[in-house]
Amino acid sequence: MPPKNRFWEFFEKLENNEARCRTCSKIIKTCGNTTNLKLHIAKMHNTLLEKRSSENTVHKTGAKKNQTRRHS
Ligand SMILES: [Zn+2]
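Residues numbered from 1 in each chain as written. Predicted model: local features only at pLDDT ≥ 70, side-chain atom pairs only at ≥ 80, totals over all residues.

Colleague: Would you take a moment to explain the overall build of the protein for this structure?
Modeller: Of the regular secondary structure elements, the protein holds two helices and three strands. For the protein, the sequential pattern of α-helices and β-strands runs β-β-β-α-α. Put simply, the protein has 72 residues, and 10% of those count as buried. Long-range pairs, those at least 24 residues apart, make up 19% of the contacts in the protein with a sequence separation of at least 6. (Helix = DSSP H or I, 4+ residues; strand = E, 2+ residues; numbered from the N terminus. Buried ≥ 20, exposed ≤ 12 C-beta atoms within 10 Å, placed from the backbone. Contact = placed C-beta atoms within 7 Å.)

Colleague: What is the right way to read helix 1 (residues 35-44) from this model?
Modeller: Turning to helix 1, its buried residues are Leu37, His40 and Ile41. Viewed end-on, helix 1 has its buried residues packed into an arc of 95°, placing them on one side of the element. Opposite the buried face of helix 1, at more than 90 degrees from it, the exposed residues are Thr35, Leu39, Ala42 and Lys43. (Arc of directions from axis to C-beta.)

Here's what the structure looks like:
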């Protein structure tokens, strides 16, 4: 069994490295990976991702650097 990528939840796997979008029924060529699936979701159905990744919003804070003075 191929590893389940979360993007496959939005697509139905077809033959010849193609996938059909469950949302808009468009046929996407996968070329054996999920890059095109990712792009399609990001472009066309961005809201699908926002709903799922709502818990994963991590804001990076700039780390403060403590500068130590040199005593000569
Ligand atoms: Zn679609």
